[in-house]
Amino acid sequence: RHVIYQADPPRQLAPDVTDSFSFQVNLLDAPLEITLDTDALEADNRVVLAPVAVRTIRVHAAGAGDLERFLARAVSATPFAAMELDPLQADLMVTAVADFPPPRAGAASVDTAASNSANADGRVTAALASRLDACPQAAVICVIPDPARAAAAGVAQGLEILADSESLITRGVPLEEGILWPYLATAAPAPWLPLLSASDVPLLFGGPLTRGGGASRELYFLNVLADRTNIYQTSAWPVLVRNLIEQTRRLLPGTPRANYRLGEQVPVSLDGARISHDGAIQLLRDGAVLETYDRAASLPRILEDLDVGMYCFADGAGNTLATFSVNLFAPAESDLTGAGACEGNLRGLSPHVVARDTQSDPLYLGLSVLVILCTGLAWISQDTSR
């Protein structure tokens, strides 16, 4: 099946000018091919876009007080995200716990055999472990202090808050003047590092967990008193919620995007995906098998040096696990490489090739006479004026 898009009015691509167009489709369950009618380089006059199976991230909140109302507003403003009432179906869980902050290294730990939710040191309190087990499908869990049982140890101002520049969770979060962030006195237990901090107090910290089946899951602690902050009235709150949602999307089985440029790295994770009983996974390009992996754990986390084509991960039973395409999307994909400098060898020229061309001599003579005449007239007119 082909989808045909006719630009109306027709678009004329000018040299050395980047142009683009956009269109909307209600449902795209087949590859979409876009072709230029005329192109000097036929190798890159078409792209094939893989179907974008955008999954709506389901967000559930429990015991968060006033935060739940403002969380719902931020989620409704985020594309492909919605609140979820059932914690069993949630992809992102926001919950409040009374035993915040979490125990430091060396504190009593919950038996990891009794719970499949633990950090790298296995130190998660029983109350928190029960919250984690209540949302088995959630890829990201964000924990805040119970506002009814917490007393603020201090208040951080927006300009005092430092953000981890390499974290995707805090990317683009505007820590502007006027933000009031009441917090509890705590420290980030190893191996977690603070993503937001003020005066050596972590305001946001967390890291990866391991759950049954080896699926990816991350736990974050948001050290803010939900009923005493004004962060909901600033632009920092919706950006932070959007980043948490997008981080959740990255942890879901498959690839973060459906379409990539030639030479771009493609992150892939099939942890938690439903794979046939034999566990074998195949990577196909345009229907041909490229690689075969015995299980999801043996998959490379990053795919590199992929040629142009339509790619697909499939299990041994032929079920599609993930689909993406690689195209010539580089900004300079149609540019021709210059030939470079070329120095002529004048000594190697034959004598009969070098000849004097006298066709332009009359032109030079006429121009010389004209210049002399104009100079004389200017001198005469200047002398007369005196």
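As the structure is a prediction and not an experimental result, all values here were calculated from the model.

Chemist: Before we go on, may I ask you to explain helix H1 (residues 66-76) in this structure?
Modeler: Helical geometry note: an α-helix holds 3.6 residues per turn, so side chains three or four residues apart project in the same direction. What H1 keeps buried is the set Leu67, Phe70, Leu71, Ala74 and Val75. The buried residues of H1 all sit within an arc of 140 degrees when viewed along its axis, so they share a single face. Exposed residues on H1 whose side chains face more than 90 degrees from its buried face are Arg73 and Ser76. Here the buried face of H1 lies against strand E3 (57-62), strand E4 (81-83), strand E5 (92-97), strand E6 (140-145) and helix H3 (236-251).

Chemist: How should the nonpolar core be read in this particular structure?
Modeler: Across soluble globular proteins, you tend to see nonpolar side chains buried next to one another. Of all hydrophobic cores here, the largest spans 46 residues; its most connected members are Leu67, Leu71, Trp181, Leu203, Leu222 and Trp237. When residues in this core are grouped by element, the largest group, eight residues, is from H3. Apart from the residues lying within four places of it in its own chain, the contact partners of Leu203 are Ala156, Ile161, Trp181, Tyr183, Leu196, Ser197, Ala198, Phe221, Leu222 and Asn223.

Chemist: Explain the pattern of salt bridges to me, please; I cannot follow it from the model alone.
Modeler: Side-chain pairing between opposite charges can occur once the charged atoms of the two side chains come close. For the structure shown, the criterion picks out four salt bridges. With a shortest N-O distance of 3.1 Å, Arg228 and Asp227 are connected by a salt bridge. Given a relative accessible area of 38%, Arg228 falls into the partly exposed group. The class for Asp227 is partly exposed, based on a relative accessible area of 39%.

Chemist: What is the right way to read unusual backbone geometry from this model?
Modeler: Most of the time, phi is negative for any residue but glycine, and the peptide bond is trans. Positive phi values are uncommon outside glycine, yet Phe80 reaches one of about 55 degrees. With respect to the helices, strands and loops of the structure, Phe80 is situated in the loop between H1 and E4. Owing to a relative accessible area of 48%, Phe80 belongs among the partly exposed residues under this scheme. The backbone of Asp200 sits at a positive phi, close to 65 degrees, despite the residue not being glycine. Tracing the backbone shows Asp200 in the loop between strand E10 (193-198) and strand E11 (201-210). Classification of Asp200 by relative accessible area gives exposed; the value is 78%.

Chemist: Sorry, what's going on with the pairing of E6 here?
Modeler: On any regular strand, side chains alternate: one points to one face of the sheet, the next to the other face. Among the six residues of E6, six are classified as buried, and the element is accordingly described as predominantly covered. Along E6, one buried face is formed by Val140, Cys142 and Ile144 and the opposite face, lined by Ile141, Val143 and Pro145, is buried too. Relative to E6, E5 is paired through six bridges, and the arrangement is parallel. Residue pairing for E6: Leu92 is matched across the bridge by Val140.

Chemist: Just checking my understanding: could you explain the sheet that holds strand E18 (residues 309-315) for this structure?
Modeler: Hydrogen bonds along the backbone pair up the strands of a sheet, which may run parallel or antiparallel. One open sheet holds the five strands; their spatial order is E13-E19-E18-E15-E16, and the pairing between them is mixed. Since the sheet does not close on itself, it has two edges, and those belong to strand E13 (259-261) and strand E16 (288-293), each with one partner. Neighbour-to-neighbour, the strand axes of this sheet turn through a mean angle of 25 degrees, independent of strand direction. Note that E18 and strand E19 (residues 320-327) share six bridges and pair antiparallel. Directly across from Met310, in E19, lies its bridge partner Ser325.

Chemist: When you look at the side chain of Glu218 in this model, what are you seeing that I'm missing?
Modeler: Position of Glu218 among the secondary structure elements: in strand E12 (residues 216-222). No salt bridge is formed by the buried Glu218. Its closest oppositely charged neighbour is Arg250, at 7.6 Å.

Chemist: Whenever I open this one, the packing of aromatic side chains confuses me. Can you help?
Modeler: The relation between two aromatic rings is expressed through the spacing of the ring centres and the mutual angle of the planes. Summed over all chains, the structure comprises seven aromatic pairs. Here Trp192 and Phe221 contribute two aromatic rings whose centre-to-centre distance is 5.5 Å and whose plane-to-plane angle is 50 degrees, an arrangement assigned as tilted. Remark: Phe221 occurs in strand E12 and Trp192 occurs in the loop between strand E9 (180-183) and E10; sequence separation between them is 29 residues. Here Trp192 matches Phe221 in class, with each residue buried. Taking 5.1 Å as the distance between ring centres and 90 degrees as the angle between the ring planes, the aromatic pair formed by Tyr232 and Trp237 counts as edge-to-face.

Procedures and definitions
Residues numbered from 1 in each chain as written. Predicted model: local features only at pLDDT ≥ 70, side-chain atom pairs only at ≥ 80, totals over all residues. Heavy atoms only, no water. Buried < 20%, exposed > 50% of the residue type's maximum accessible area, 1.4 Å probe, protein only. Helix = DSSP H or I, 4+ residues; strand = E, 2+ residues; numbered from the N terminus. Arc of directions from axis to C-beta. Contact = heavy atoms within 4.5 Å. Core = buried A, V, L, I, M, F, W, Y, C linked by side-chain atoms within 4.5 Å. Salt bridge = Lys/Arg side-chain N within 4 Å of Asp/Glu carboxyl O. Pairing = 2+ DSSP bridges. Axes fitted to C-alpha atoms, helices over the stretch in contact; angles between N-to-C directions. Lys, Arg positive; Asp, Glu negative; His and termini not counted. Phe/Tyr/Trp six-rings, centres within 6.5 Å; stacked < 30°, edge-to-face > 60°.

Read these as geometric descriptors, not functional statements.
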